[in-house]
Structures are given as structure tokens and as C-alpha cells.
Amino acid sequence: MITFIIKNIGFFRNLIPFIVGLVLLFGSGCSSTKFVPEGEYLLTNVKVKNRGADVRKEQLNPYIRQQENTKLLGVWKFYLGLYNLSGRDGDKGINKWLRKIGEEPVIFDPFLATQSSKQISLFLKNQGYFQASVSDTALYSGKKKVKVTYDINPGNRYYLKDLRYRIEDDTIRDEILRDSLSTFLRPGRPFTVNLHERERERISENLRSKGFYKFSEEFIYFRSDTTVGNHQVIDSMVVVSPEDAFGEKHHRRYKINDVLFHIGIGTSDVFDSDSSNMAVGTDTLEYKDIFVIFTEELSFKPELLSSSSYIHPGDFYNARLASRTHQLLSGLRLFKYINIRFRETGQVDVDGTPLLDCLIRLSPGKSQSISFDIEGTNSSGNLGAAGNLTYQHKNLLRGGEFFTFNTRLARQNQFVRTSSEEFNTLELGAEASLVLPRFLLPLRIEQFRQRYNPKTNIGLAYNYQRRPDYTRTIANARLGYNWKSSRYISHSFYPIEFNFVSIPQVNDDFWERIRNTFLRYTYEDHLIMNMNYSFLLNQQVLGQSRDFWYFRANVESAGNLLASVSGMWNKDSEQDYDELLGVRYAQYIKSDVDLRFNNRIDRYTSLVWRVFAGVGYPYGNLDVLPFEKRYFSGGANSIRAWPVRGLGPGSYNEEGARFYNQTADIKLEFNLEYRFKLFWILEGALFLDVGNIWSIRADASPEGGLFQVDKFAEQLAVGTGIGTRFDFNYFIFRFDAGLKTHDPSLPSGERWIPVNRPWTWNDVGFNFAIGYPF
């Protein structure tokens, strides 16, 4: 394959020295043991022979204390090769640098192999394999290399037959038994340490959320009987109780006495340890059922604190509500430090229940900021730059209202498709948004706010776009709501969003070409009045290297409300469509999904895939989707071998067009990317992009652009390529080179380019961008 590529593409000949270097670097067996001392052995391979169908190798890897050096693409020990390029003198600059970016050879340690066997055996027993056996075997070669094999025989697994309870304290017995249906320890489940730990955590959290302030997991332990036969276990949960001053064993419930917000920086405590005397120099404000203690004038309304707290005097202590209060306060983005703690008062209420004070300490951060950033882009040779000036105020109306005003200026040089002529595109925009930390509704739903932390988003925006073929302006107004239903799941609902799209100027040649086609309607003035809902699942946690899923789904409809009432002002109209304020409005329904999975293979490599599917159906008042709502393909975050809007629809090829401007109603896309760290801040990537766009209606589709079930597969564009990324921690600069492999715009039988003809420079797409493509 390499020979074929070099023979057919001139620019690939420059890769010969690099390929030869890789062969010399990784293909030489003796070079890998360059820094292996005499009498020692390089660990070249770790193999796991597992006879248990229910035990995956991935579960065992964390317990193997020594792994071989990391492989790139599963074949090359690239990082070991970099280390071995260094000289014997490790203090020299170049040698020190190579050793830093490379990976030191793994010298086999028989003791660690034995420890690994013991750790694997312990893990299996914790998973219910009480008769597991693990052995390790080392196979030495004469070239200072060794291979290690772990032979694992888990044996039969034990399962839980029955769970019994022994609870000393009557006070908590009913609480535990009442919630026993939620137990993790159900008959028939594997007998594992993990399930027992989760059960201890579940019961502890449940009791701490019902007033038992001092309860912890240490009060719970288990006694297990494995002699019942048939690989089954009878489990007994024992819950002990502490002794009080009178020698009685019981757990006490606590109630909240006072809720005290302390606003300030560098204060050690709000009250003295044994009195209710306030610290010197503080003022106190009582609002509803909270006390606000401050040293300087408050920059926000006390109502904001009251509505952001789940903790109220007279309620039983609840650990879950304390955690939610912390989340709610953090979501305001007003405080740089938040701490919630509880303190026993030494007092009891009329029922004899001990009392707690809740102390919430807050340190306000800066409420206003101004930022300026510059972006640089390159999509298939089209260079561009953009600047953004942003002003933010986190507490505009003293109620936690987050105001943002952003202006944007962007310019890009683009090439005419059929010549070396260039043209410029210009974009100017301004946007103002106000986010309220509550639902802006005529109904008060305080419990909903405390549970889901909802926000109201009000926005106004204006955008001006100038291209050689047309000039367009878009005015936008919107009202929507955002809320989170869990740590990873968020929702967005915009009951009303209004867009007025004006096309003040269209190039005469461009208009002549589209005036008798479906595209003409997308370049006429129109209104879009829509509502939309978005669901987002994002398991990514910044700073953590682990597998995660990302899923986003959108549903949008437009024009239905206007269609139901437009007869009131369009009774005498002779046109076959309705207007609002003299402008035709759009009517459509649209939905799309975006699914991604990031698989972390090891600390250096990951495999990421993405699937996108979207469809929009126009009907009623406008026969085509508005240009702003249509799908396009190509560019730095899509099919990278094609320029932005340079692919599709289907097999359509607009040869006479001077500019790339292909859009459609349906989009399917699949991306696969293998990412790996090279050295220093440099990362590499190999990728595969597959997809296209199509029209949904035959009367509004160009030739070859209509989606057909029996033909769409052969109209999928395929692009492959390589990428380089520079990770500067705060941002990632990316360069991707995509290569057209299957071009649906070519005649049938000629679409697989490497099979039918040599690649040319026209088959290559270069993309500069900031951040990963997905």
C-alpha cells in the first residue's frame, strides 16, 4: 500500500525518509535493550490467560504491577524508541530532553510479578471467586528480553442466597427495613465486596438524610456464612450503636436550629465556640428564616440566599439537601469560595431533639469582567480570522442575573472553485443575553428550582454577513429555560425564538442561476418563529482521563402557531402562502442526534467515534428549509477532506458554481479518530470520516441529491487523513489533512479514487482549527 501511494502521489515521496527512520527506529530488535543493564531483562510482553468467562481482561489490568512499554497503534513502542535515541550521558541537553519525552524501558521484576498474582487473586475473591488460583510464568530469551504470562482460573462464583438483619437500635431499625427494597444485596446476585460497600454507603446516606447527623458507614459490618453449599452465601448485616452518657446504645436525630450565611473573606469563625456572640465588626440581617452576617455592604439581595438554600430551621438534618445547597450556590457563579458545615449547639427542642446550627461561608468573587480573544481558521486553504470582545456582569440586578454582551468581527479569504481568484467574506455580530437563576413564569415553583437549578435565558442578537453572491442580516430574539436533572444530564427548552432574515442584496449572476430552482426561497426575506427542546448527556469530567459518553438530541418546530392564526390577517390574500408583517414565514419540523464515545485505551492513546443524524422537513407555508436551518457537510469539524459546504447533496456536482454553498435537509455522518501522544506538547491523530447530505423532497432536490434508501449508501463520501495537535493546556491548536477516498460526485464506478486514478492535490483538504473536532 505504501509503495502504491508513493508511486501515484508526488508529495508522498517526502515521507520516504520518515518511513525509513521509523523502520530503523522500531524494527531494530537490539536497540530496544540499549539501556537494559547486564543481568536484567526488558519486559516485552504481558499476556493474560483467563479461563473465566465472566472476568474481563480490562478488569485485571489495574492489578498487574508491571506492564510492557506503551505501544503506538498497538504495534510500535514509539516512546521507548525515543528514550533509546538518547546517548549514555543523561545530563546533556538533547539526551535529557529525549528521556523526558520518551519512556524508560520496563525492567522485569520477579517480585512485582508475584505481587501481581496475589493482587489478581485478591480481586477475584472480592468478586466472589473464593477458590480462584493465579500463577505467573516468565519466559526468558537470550537477548535480555522476557515475556510474562498470568494463568488465571477463577473457579466457581459464589452468590447471595439470603440477607438477614441484626440492628441494635430500634430508632433506626424501621428506617433501614422500610428502605430494604432498594438494597443492592438481593438474593441471586454475585457475592462481591463492591456490592457490600455500596450497600453500606446507601444506608449511611439514607440515614444521614433523615436526621441522623452522626451516623457513618463504620457502624455497619457483615457476617457471612459460606457453608450452606451450592456456592451460596447467607449474609447478615450488623448495625451497631454508640453508647451515650447513660450507657444506652442508640443513634440520635438532629434538627436545624439556625441557618447562618457569613459573607466575607478571611474570617475564622462566625461565633465563639460556646456562645452566641457575634465576631467584632460584623452586621447581621435577618431575612425570612435565615441570618446574613457580613462585614461590608451586600452586593446582592438576601432573597437570593434564602431561595438558594434547602436548609431550613426546624427541619431534620439532611446531608443530601446540604449537598444540593452547595450546588445551587455554586451555580450562581458569584462566589469563589463556598463552605457548609454544621455545629452542635448543646441545646434541644421541646421534644428533646438535639439541635444543629448550619454555617454557610461565602466569599464573593469579581462580578464584572472584559475579555478579548482572537481566532484563526483554515479550511481547505481558506484562511480566516475572527475577534470577539465580551463583557460580563454576574450580578446585574443584585439577584444573581448573569449578563453577557458580545461583539464579533470575522473575515475569511476564499478561493473561487474554478480559478485562483480570491474573495473575502465578512461577518459582524452583536449579542446580549441575560440569564436569570430561576424560572421566569407567572407560577412560583420553588421546589422545582431547588431540585433542578433552572435558569431563564433571554437573548437578543444581530448578525451581518457579506459574501460576493449575497448579503444577509439576521435579527434574533429568544426566551428559554435551562435546567439540570442530574450531574450529567441537562435540558434546554425555548418556547419562543424569533428570527427575521433579510437578504438585501443578491448577485445578479447567482440569482439567475437559482431563480428557477428551489434554492431561490432560501435567499428571500423570511421569518422563523420556532420552539425547540434539547437533551444533553455529557459524562466528560475535566481533568479526568477516563471513558465517557456524549449524547445530544434536538427537536424543533416552526410556523405552526402562526399558521393557526394567520387567517386573521390574510383573509383576502391572493397568494398561495401567508405573511406576517409583509414577510413570508417558514414552517417545518426538524430533529437531530449527536452520539459520541471516547475510549481511553491507555495514558497515551484514545479512540473516539461520533455518529450524527439529522433531518428537517419543510411543509405548509414554505416548501424548503430556511438557509439557516439547513444542513451542510465538510470542513474542520465534519468530513475534513472536503471544504465547508463543498459536499453533496448526494451525488450532485454543481460544476458551474463559483462558490461552495451546498446545503440540504438530511445529514448522516460517522467519524472515527485514533489519538495518540507523540512527545512534548505534540499529539497525532489518524481519522476516518464518512457521510453526506441529501434533500428530502423530490420537487426541491437537484439531480442526484434526493435521499433514497436503496442508493444513499453508495453516495456516502469517505475521507481519511492524519492530524497534528499542539496541546497548550488552555487550548489545543489542530492541523488536519484529509484525503478524499470515495467521492460520490464522480460517475458511478469511478468514485473509489485510489482504485481508479492517482490522487492529486485537489483531493486533499487542509484544516486549521482550535480544539478537537468532536
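None of the values given here were measured: they were computed from a predicted structure. (Residues numbered from 1 in each chain as written. Predicted model: local features only at pLDDT ≥ 70, side-chain atom pairs only at ≥ 80, totals over all residues. Heavy atoms only, no water.)

What follows concerns the overall build of the protein chain. In terms of regular secondary structure, the protein chain is built from 14 helices and 29 strands. Counting every position in the protein chain, which comprises 774 residues, the buried fraction comes to 45%. Long-range contacts, defined as pairs at least 24 residues apart, comprise 63% of the intrachain contacts of the protein chain with a sequence gap of at least 6. Carbon and sulfur atoms make up 54% of the accessible area of the protein chain, which totals about 40300 Å². (Helix = DSSP H or I, 4+ residues; strand = E, 2+ residues; numbered from the N terminus. Buried < 20%, exposed > 50% of the residue type's maximum accessible area, 1.4 Å probe, protein only. Contact = heavy atoms within 4.5 Å. Areas by Shrake-Rupley, 256 points an atom, 1.4 Å probe, with all protein chains shown as cover.)

In this section: the packing of aromatic side chains. Counted under the stated rule, the structure contains 38 aromatic pairs. Through a chain of ring-to-ring contacts, the aromatic side chains of F726, F728, F731, F733, F735, W761, F766 and F768 assemble into a single cluster. Residue placement shows R584 over the ring face of Y577; its charged tip is 3.9 Å from the ring centre. Between the NZ or CZ atom of K667 and the centre of the ring of F612, over which it lies, the distance is 5.2 Å. (Phe/Tyr/Trp six-rings, centres within 6.5 Å; stacked < 30°, edge-to-face > 60°. Lys NZ or Arg CZ within 6 Å of the ring centre and 35° of its normal.)

This part is about the environment of G646. Topologically, G646 is positioned in the loop between β24 (605-618) and β25 (666-679). Spatially, the C-alpha atom of G646 lies 8.9 Å from that of T663, the residues being 17 residues apart in sequence. Beyond its immediate stretch of four places on either side in the chain, G646 contacts S633, Y660 and Q662.

Relative to the elements of secondary structure, S86 occurs in the loop between α4 (78-84) and α5 (93-101). Side-chain polar atoms of S86 contact the backbone oxygen of Y83, separated by 2.6 Å. Every residue in contact with S86, bar those within four places of it in the chain, is listed here: K34, F35, N95, L98 and R99. (Polar contact = N/O pair within 3.5 Å; in protein donor to acceptor, adjacent residues only side chain to side chain.)

Here we come to unusual backbone geometry. In this model, G648 is joined to P649 through a cis peptide bond whose omega is -5°. With respect to the element layout, P649 can be found in the loop between β24 and β25. Located in the positive-phi region is R333, a residue other than glycine, with phi close to 60°. Within the element layout of this structure, R333 appears in the loop between α10 (319-331) and β10 (335-348). Using a relative accessible area of 41% as the deciding quantity, one classes R333 as partly exposed. Positive phi values are uncommon outside glycine, yet W680 reaches one of about 55°. Within the secondary structure, W680 is located in the loop between β25 and β26 (682-694). The class for W680 is exposed, based on a relative accessible area of 54%.

Reading across from one edge, β8-β9-β7-β11-β10 is the order of the five strands in this open sheet, with mixed pairing throughout. Looking at strand neighbours, the two that pair on one side only are β8 (283-287) and β10, the edges of this open sheet. The mean angle between the axes of side-by-side strands here comes to 20°, regardless of whether they run parallel or antiparallel. Here β10 pairs with strand β11 (residues 354-364) via 10 bridges, running antiparallel. Within the sheet, the bridge partner assigned to V348 lies in β11 and is P354. Packed on one face of the sheet, α10 meets β7 (255-263), β10 and β11 and runs near 150° to β10. (Pairing = 2+ DSSP bridges. Axes fitted to C-alpha atoms, helices over the stretch in contact; angles between N-to-C directions.)

What follows is about the nonpolar core. When a protein is soluble and globular, its nonpolar side chains tend to lie buried together. Ranked by internal contacts, the top residues of the largest apolar core, which has 27 residues, are F261, I263, L305, L329, F335, F342 and L362. Of all elements in the fold, only β7, β9 (290-294), α9 (302-307), α10, β10 and β11 reach the threshold of two or more residues within this core. Leaving out residues up to four positions away in the same chain, F261 has contacts with I290, F291, V292, I293, L305, S309, L329, I360 and L362. I167, I172, F219 and M237 belong to the second largest nonpolar core, which has 19 residues in total. (Core = buried A, V, L, I, M, F, W, Y, C linked by side-chain atoms within 4.5 Å.)

This next bit is on helix α6 (residues 110-126). Its 17 residues give α6 an end-to-end C-alpha distance of 25 Å, which sits within 8% of 24 Å, the value for a rise of 1.5 Å per residue. By the burial criterion, the buried members of α6 are L112, A113, Q115, S116, S117, I120, S121, F123 and L124. Its buried side turned inward, α6 meets α3 (57-60), β2 (133-140) and β3 (145-153). Among the residues of α6, the N-terminal cap falls to D109, whose side-chain oxygen and the backbone nitrogen of F111 are separated by 3.0 Å. (Expected span 1.5 Å × (residues − 1).)

Here we take up the packing of helix α7 (residues 170-178) against helix α8 (residues 193-208). Between α7 and α8, the least distance of the axes is 11 Å, while the angle of their chain directions is 115°. In the crossing of α7 with α8, the sense of the turn from one axis to the other is right-handed. On α8, the residues touching I172, E175 and I176 of α7 are I203, N206 and L207. Residues of the contact of α7 with α8, tallied by class, amount to four nonpolar, one polar and one charged. (Left-handed = near helix turned anticlockwise from the far one by under 90°. Nonpolar A, V, L, I, M, F, W, Y, C, P; charged D, E, K, R; others polar.)

What follows deals with the environment of T192. By the element assignment, T192 lies in the loop between α7 and α8. Along the backbone, T192 and G128 are 64 residues apart, and their C-alpha atoms lie at a distance of 5.2 Å. Ignoring any residue separated from it by four or fewer positions in sequence, one finds T192 in contact with N126, Q127 and R157. A distance of 3.2 Å separates a polar atom in the side chain of T192 from the backbone nitrogen of L195.

Confidence in the prediction of the protein chain, expressed as mean pLDDT, is 86, and 88% of residues score 70 or more. Across residues 1-30, confidence stays below pLDDT 50; counting only partners more than four residues off in sequence or on other chains, it has 24 contacts. Long-range and interchain partners of residues 266-277, a stretch whose pLDDT sits below 50, account for 22 contacts in this model, where long-range means more than four residues apart. (pLDDT = per-residue confidence, 0-100.)

Here we take up the sheet that holds strand β6 (residues 232-239). Reading across the sheet, the three strands line up as β4-β6-β5 and stay open at both edges, with mixed pairing between neighbours. A single partner strand is all that each edge strand has here, and the edge strands are β4 (159-167) and β5 (220-225). Averaged over all pairs of adjacent strands, the angle between strand axes in this sheet comes to 25°, irrespective of strand direction. Relative to β6, β4 runs parallel, the two sharing eight bridges. Bridge pairing in β6 places R164 opposite S236. Contacts between α7 and the sheet are confined to β4 and β6, with β4 contributing the most and set at about 155° to the helix. Contacts from α8 reach β5 and β6, with the element oriented near 145° to β5.

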